[in-house]
Structure formats: structure tokens, C-alpha cells
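Take a look at the letters that make up each chain.
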Amino acid sequence: MLFGINNYYIGKVREGMAAVTTAEMKEKLTADFKEKFGGDGDIRSYFAPGRVNLIGEHTDYNGGHVFPCALTIGTYFIARKREDDIIRLYSENFEGLGIIEGSIKDLTWKKEADWANYPIGMTWAFGEKGYPVTSGYDVLLYGNIPNGSGLSSSASVEVGTGVMLKDMFGYDISMIDIALFGQYSENNFNKVNCGIMDQFAIAMGSKDKAIFLDTSDLSYEYAPVVLADSKIVIACSNKKRGLGDSKYNERRSECEQALAELQKCLNIRSLGELTEEEFEANKGLIASDVRRRRAKHAVYENQRTIKAVKALRDGDIEAFGKLMIASHDSLRDDYEVTGIELDTLVASALKQPGVIGSRMTGAGFGGCTVSIVKNDAIDGFIENVGREYAAAIGYAADFYVVEIGDGAGKI
């Protein structure tokens, strides 16, 4: 579900996600900002995209590879620096919460701050990293990422806040720094033990390219995503999940325990260093069957990602699709992070004509699937999968035909 602005505007966004131009969005949101906070001063505008991970799930905190891309949907920021210590934040996605106020002298997590803990946490992280925010600010946000979808609305807010703070306070820091600050904030302020993928993809995205990122050392390269006669279709399950309340942290802990057991005999720093053969030869070192399956997913998914990027570069989109399907099977059976909603969407997708591959994307436990679908099959895909999902689950899924866009920046 999308919130905010007005029904006409939401309708335009739903028509194809990019139906509203950046200039239109900036103009409308700037007018809203002036109405909410007053119209004087140096008002600036920023955008941070959402992201989708094409393959490589739950590998980023295991030292493996990921293959995400930035989207043309995301979070818009209209902001103005203040002369005092007050921070005022307003989201058109959560109008009922009104303006949430804070202070640069009290950058602490508060339950009542709700979504505002993400920009406040980023402000805190800047100070922790040696870039103190020396005065307050007013910000109006609007995101056209479905909330709770798994397309990284929280990381989008973090990175967008980082771009805003860098610009408003004149700090000379890189986009990779901003990504790292965002991860630091999420880990230490919002207490979600996430890896670096989401923030990195949002900060470093490039139009029509995905990022082949080695999370062990942050080396990366861009790979053109050439889908010829196909497009990326995201299906949002509309099952809401709070990442910090999910079993995400539990899965990470299980992998850390499995790694520690392997390290008793193997000189490795992460599960991502292992090939499938090396894992199979040493998996007996892991005492628990559950931890063994978690580690197996991390190892095999990393290798699938490496193979998938090669397939894409070779123009073998069919092989890429098969690896997507194998990824979902592993996330369902070995990592156990899918659930009936995501499994229903993928099972239905794979029955449809023109579907090259489909898998859950994001942390799981709700959220979205990503599918590659032939252009002439997209309408039927949305109709059929939507009907089957509603019949099985009892409520509707939402579908988005998405484009790959650039990373966060000033607009």
C-alpha cells in the first residue's frame, strides 16, 4: 500500500512507478514542505532509491557476493537547515504521526519516534564517525516504495539522510562512506544486524546496471542488465514484516556459530570463502543440522551469484533464471525465510508462460518476489498470479514493473 500526497498522485505512481516525473514530485513536495514548515530559507531536495537484489540473498553478512540494483522508486527528501538544535521530521507516508521532533543534543532511539529513528540514527552515526551535525533541520519525506515490502525503504531513508547531511553541512565524504554509515546506524542505533548490501546498492546504483559486490572487501563492478524482450516484475506480498522483529538476527547468529565451528579446522574468515566442494568436505564440523543447512545456503548462494552474473554477461538469461529458482528453493528449504506468502507467489509465477525465473528478494518473512517475465506475458502474469495469490492467502498482492535507476543524490 502506498500512502500520502493525494489519491490522484498515488494513482499516477501506481500506473508505472515512473509516471510521475522527478520534477513533478519535487514541485509538489516542495509546496507541501512550505505549507508544513514555512517557505523561507534554502530549501533543498534529494532522492534515494529503493533496491532489489536479483540474486545473492543472506550472503552479505556472510562475506559473499550479492547482485543488487537501484530502482527508479524510492524516497524524496525536501529539507532545510535550521539555526537552532531542533530536528523536525514529517513523512507523507505516515501522516497520522504528524511532525516528529528531536534535538541534535539528544540523538537516542525512542519508540515513539517510529520511522524517524532512521534519519535520527543516521544523524547520530555522522557524529560517531567524526562528522557532527552542528544544527537542526526540517525534513519532509515521501516514499513510493511500498512500506514493509523488503525493497529497503529503511536503507533508502538512511542513505538519503546521509546525502542530505553531506550536502547541507559540507562534509567531504564518499558515497561508500555514506553506505557504511547507514549500515553502522542500522546495526548500532536501530539494532538490526544487517549487512552492507542495501545501503551500498542505494548509494552506488547506476542506471540499467546491477552491482556485483564482494561484501568481504567491498570490491565491486557494474554489470549491464540486458533483458532484451523481458522486464523485472516485483510482486509485493503485502505481508508486513519488521526486520528487527523478525528472525533475521537469529539467522545471522546461526551462521556465525557455524562459521566458528568450521574455523576450528579451517583457516577462513567467512562462509563466503568456501566453494560447494569445500563445504561438503567439512560440513561435519558443524554439530547442528539446522546450522549446517544455514551455512549450506550461504555457501551455495554465493556460488550461485557468481554463476548468475557470468550467465548474464554471456547473454544466457535462461541460465540466470534457473539460478534464481534454485536460490528461492534454498531460501525456502535450507534458510527457512520464505513463508507461505512468498512461496505462493513464486510457485504461481513459475506456472505462468513467459516466466524466466522467480525468487523471493530481501530478508524474507514477507516482502517481495522478483521475477523476470517476457514483455508479452506481463499482463497475464499479473492477472493470473494475482488471482491465485488472493485465493490462497485471502488478500491481494501488488505488482510493479520496475526499471533500474541511479543511486542517491541531490535533485
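Residues numbered from 1 in each chain as written. Predicted model: local features only at pLDDT ≥ 70, side-chain atom pairs only at ≥ 80, totals over all residues. Heavy atoms only, no water.

Q: Would you explain the pairing of strand 11 (residues 368–374) in this entry?
A: Consecutive residues of a regular strand have side chains that alternate between opposite faces of the sheet. Most of strand 11 sits inside the fold, with six of its seven residues counted as buried. Note: strand 9 (residues 230–236) against strand 11, seven bridges, orientation antiparallel. In the strand pairing of strand 11, Ser-230 is matched with Lys-374. Two elements, strand 10 (residues 355–361) and strand 11, share six bridges in a ladder whose sense is antiparallel. Paired with Ser-358 across the bridge in strand 11 is Ser-371. Here strand 10 folds back onto strand 11, and the loop between the two strands holds six residues, one of which, Gly-362, carries a positive phi near 95°. (Buried < 20%, exposed > 50% of the residue type's maximum accessible area, 1.4 Å probe, protein only. Helix = DSSP H or I, 4+ residues; strand = E, 2+ residues; numbered from the N terminus. Pairing = 2+ DSSP bridges.)

Q: Help me out: how do you make sense of the side chain of Asp-32 in this one?
A: Within the secondary structure layout, Asp-32 lies in helix 2 (residues 22–37). Ignoring sequence-local partners within four residues, the contact set of Asp-32 consists of Glu-92 and Leu-140. (Contact = heavy atoms within 4.5 Å.)

Q: I tried to follow the nonpolar core on my own but got confused; where do I start?
A: Soluble globular proteins: nonpolar side chains tend toward being buried together. Leu-89, Phe-126, Tyr-137, Val-139 and Met-164 are the most contacted members of the largest nonpolar core, which totals 45 residues. Considering each element in turn, this core owes the most residues, eight residues, to helix 4 (residues 153–169). In contact with Phe-126, not counting residues within four places along its chain, are Tyr-131, Pro-132, Val-133, Gly-162, Leu-165, Lys-166, Tyr-171, Ile-173 and Phe-181. By size, the runner-up hydrophobic cluster in this structure holds 32 residues, among which are Val-52, Val-309, Ile-356 and Tyr-400. (Core = buried A, V, L, I, M, F, W, Y, C linked by side-chain atoms within 4.5 Å.)

Q: Which parts of the structure should I look at to understand the sheet that holds strand 9?
A: Within a beta sheet, neighbouring strands are joined by backbone hydrogen bonds and run either parallel or antiparallel to one another. Taken in spatial order, the four strands make up an open sheet running 10-11-9-12, and their pairing is antiparallel. What marks the edges here is a single partner per strand, and that holds for strand 10 and strand 12 (398–402). Direction aside, neighbouring strands of the sheet carry axes that sit 20° apart on average. (Axes fitted to C-alpha atoms, helices over the stretch in contact; angles between N-to-C directions.)

Q: Sorry, what's going on with the pattern of salt bridges here?
A: Side-chain pairs of opposite charge can arise where the charged atoms are in close proximity. Tallied over the full model, the rule gives 33 salt bridges. Across the pair Arg-293 and Glu-336 runs a salt bridge whose closest N-O atoms are separated by 3.2 Å. With Arg-293 in helix 9 (residues 289–313) and Glu-336 in the loop between helix 10 (317–333) and helix 11 (340–350), the pair connects residues that are 43 residues apart, well separated along the chain. Judged by relative accessible area, Glu-336 falls into the partly exposed class, the value being 36%. One continuous salt-bridge network, built from bridges that share partners, spans Glu-250, Arg-251, Glu-254, Asp-289, Arg-292, Arg-293, Arg-294 and Glu-336. (Salt bridge = Lys/Arg side-chain N within 4 Å of Asp/Glu carboxyl O.)

Any functional reading would require information that these geometric values do not contain.
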